[in-house]
Amino acid sequence: MNEPLKKTDHRDYRVVGLPGDGIGPEVYACARRVLNVLEQTHGLCIQLDEQKIGGDAIDATGDPLPQATIDACRASDAALLGAVGGPKWDNNPADRRPELGLLRIRAEFNLFCNLRPIVTHPSLHSFSPLRPELLEEVDLMIVRELTGGSYFGKKWRNEDEAEDVCRYTREEIERVTRAAGRIAGLRDNRITLVDKANVLETSRLWRSVASRVIEEEFPGVRMENMYVDAAAMHLLTRPSDFDVMLTENLFGDILSDEASMLCGSLGLLPSASLNHEQFGLYEPVHGSAPDIAGQGKANPYAMLLSVAMMLRHSLGREAEAQALEQSIHECWSAGILTRDLRADGCSTNEVTDAVCERLTGLAAV
Ligand code: NAD
């Protein structure tokens, strides 16, 4: 990940659209509408190149990540993904599974830095299982290393034994620590490095490499260390104390799902996966929700917040990212929510109408 992009006069961007499966195309259509509004109101010019991934790609080409999709991503600034998967492909052989499309795109583009912001909003406190007073002012960014550790180490199993090797190199830790350092610099300058350094050698390497990178390259950033078991507890007892949480792949997977409960619904959580070249894959945290697909019930906020992340991290359009986030927060304050949150809630399109209306209003101010 390079320096955060600055707003420039360059107004033409290329984005690959990957609608995918289930509710993926429904929430992707909302993103496209919002980008159209930004084009009209903010002079933003985004060329959307729609391609296939997941089950949709398997049906069309037999491959969950066709070469045409890879080529289009290579020629673009970012990719915007709906979701992949569904019962239709559940019994496919391992090399024809929709999820393989996601794993391969992460590997193909070296998307080592996964960002998951966790921000609570007063209008949504009642949807979280935590007490409202614990949720005040929660604004946390989880930075998870995404391409190393035990998920990618050597694996084997026989009837009596199994092994998943957790391996990290200095370079892998340095690059994701730099990304976390830059992000902390744009926020409150605080990083919590989460590990298990009392037990694991990989965690001890993380501590020594990450603390050196922060000391030498980010003198304004303060880093504290926390064991993963303590972090799991503090996320529920004092979540507002965290600013940036930096951690390895497995711990990040578990802690980010735990933290998502602070917000109230899966349908509210965006994510970004970035590489060195500022290319990013932006997608809601949720899956393809086949149980509600095609019914106009999908919550589009996670996708729209993913668009805001794309504007910020890959396109360098901070003002537009903030305008979109403000429009979304205004909708939350006005109680404009889908049925995963309110029994009498709005449809996917009604929520998107409301966001577009506010975005247009903000531009007119
Ligand atoms: P899921 O996230 O699709 O759904 C879990 C529950 O949350 C469902 O009840 C669903 O209706 C609800 N939900 C999810 N997103 C919602 C939204 N935007 N608005 C309203 N409700 C929403 O997880 P799952 O059911 O475990 O998986 C379904 C499929 O999605 C599987 O094939 C799985 O492999 C795939 N999946 C894909 C991704 C991805 O594309 N990144 C992530 C997770 C799961």
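None of the values given here were measured: they were computed from a predicted structure.

Caption draft 1: Structural view of the site of the ligand. Looking at the ligand, there are 20 residues lining it, with Val84, Glu99, Gly287, Ala289 and Asn299 nearest. One of the side-chain N or O atoms of Asp291 is found 2.9 Å from an oxygen atom in the ligand. The separation between a nitrogen atom of the ligand and a polar main-chain atom of Asn299 is 2.8 Å. For the ligand, the protein covers 68% of the area, taking 810 Å² as the surface of the free molecule. Split by residue class, the shell around the ligand holds nine nonpolar, seven polar and four charged.

Caption draft 2: Seen up close, a nonpolar patch on the surface. The grouping of Tyr151, Phe152, Leu250 and Ile254 at the surface amounts to a nonpolar patch, some 370 Å² of accessible area in total. One can find Ile254 in helix H9 (residues 249–260).

Caption draft 3: Layout of the domain arrangement of the chain. Segmenting the chain into domains produces domain 1 (11–113 + 264–365) and domain 2 (129–262). Centre-to-centre, using C-alpha coordinates, domain 1 lies 25 Å away from domain 2. Facing 10 residues of domain 1, the contacting portion of domain 2 comprises 12 residues. Of the roughly 1000 Å² buried between domain 1 and domain 2 on both sides combined, carbon and sulfur atoms contribute 69%. Of all residues in domain 1, Phe112, Cys113 and Gly264 bury the most surface against domain 2, accounting for 46% of the area lost on that side. Run the count over domain 1 and domain 2 and you get zero salt bridges.

Caption draft 4: Examining the pattern of salt bridges more closely. For the structure shown, the criterion picks out 27 salt bridges. In this structure, Glu174 and Arg212 form a salt bridge, with 2.7 Å as the shortest nitrogen-oxygen distance. Highlighted residues: Glu174 in helix H6 (residues 170–185) and Arg212 in helix H7 (residues 201–217), separated in sequence by 38 residues. Taking the relative accessible area as the measure of exposure, Glu174 reaches 9% and is therefore buried.

Caption draft 5: Focus on the nonpolar core. Grouped together as the largest cluster of nonpolar side chains are 68 residues, with contacts concentrated most on Leu80, Leu115, Val143, Tyr301, Met310, Leu324 and Val355. For this core, the leading source of residues is helix H10 (residues 301–313), giving nine residues. Sequence-distant contacts of Leu324, defined by excluding residues within four places in its chain, comprise Val34, Leu304, Val307, Ala308, Leu311, Val355 and Leu359. Counting residues in hydrophobic clusters, the runner-up holds 20 residues, among them Leu135, Ile142, Leu235 and Leu255.

Caption draft 6: Structural view of the environment of Val176. Counting through the fold element by element, Val176 comes out in helix H6. The exposure class assigned to Val176 is buried, which follows from its relative accessible area of 0%. Measuring from C-alpha to C-alpha, the distance between Val176 and Thr41 comes to 35 Å, with 135 residues separating the pair along the chain. Apart from the residues lying within four places of it in its own chain, the contact partners of Val176 are Phe112, Cys113, Val143, Glu145, Trp206 and Leu246.

Caption draft 7: Layout of the packing of aromatic side chains. Throughout the structure, instances matching the rule amount to three aromatic pairs. Taking 5.2 Å as the distance between ring centres and 85° as the angle between the ring planes, the aromatic pair formed by Tyr168 and Trp206 counts as edge-to-face. Of this pair, Tyr168 sits in the loop between strand E7 (162–164) and H6 while Trp206 sits in helix H7, and the two are 38 residues apart along the sequence. Of the two residues examined, Tyr168 and Trp206, each falls in the buried class.

Caption draft 8: Molecular detail of the sheet that holds strand E1 (residues 12–20). Spatially, E2-E1-E3-E12-E11-E4-E5-E10-E8-E9 is the arrangement adopted by the 10 strands of the open sheet, whose pairing is mixed. Strands with a single pairing partner mark the edges of an open sheet, and in this sheet they are strand E2 (45–50) and strand E9 (222–227). Strand after strand, the sheet turns through a mean of 25° between neighbouring axes, direction not considered. Relative to the sheet, helix H8 (residues 228–237) contacts strand E5 (139–145), strand E8 (190–195), E9 and strand E10 (244–247), its axis offset from that of E9 by approximately 100°.

What counts, and at which threshold
- Residues numbered from 1 in each chain as written.
- Predicted model: local features only at pLDDT ≥ 70, side-chain atom pairs only at ≥ 80, totals over all residues.
- Heavy atoms only, no water.
- Near = heavy atom within 4 Å.
- Polar contact = N/O pair within 3.5 Å; in protein donor to acceptor, adjacent residues only side chain to side chain.
- Areas by Shrake-Rupley, 256 points an atom, 1.4 Å probe, with all protein chains shown as cover.
- Nonpolar A, V, L, I, M, F, W, Y, C, P; charged D, E, K, R; others polar.
- Patch = residues over 30% accessible without salt bridge, like charges linked within 9 Å, V, L, I, M, F, W, Y side chains within 5 Å.
- Salt bridge = Lys/Arg side-chain N within 4 Å of Asp/Glu carboxyl O.
- Helix = DSSP H or I, 4+ residues; strand = E, 2+ residues; numbered from the N terminus.
- Domains from an automatic or database assignment.
- Contact = heavy atoms within 4.5 Å.
- Buried area = accessible area lost by both parts, 1.4 Å probe.
- Buried < 20%, exposed > 50% of the residue type's maximum accessible area, 1.4 Å probe, protein only.
- Core = buried A, V, L, I, M, F, W, Y, C linked by side-chain atoms within 4.5 Å.
- Phe/Tyr/Trp six-rings, centres within 6.5 Å; stacked < 30°, edge-to-face > 60°.
- Pairing = 2+ DSSP bridges.
- Axes fitted to C-alpha atoms, helices over the stretch in contact; angles between N-to-C directions.

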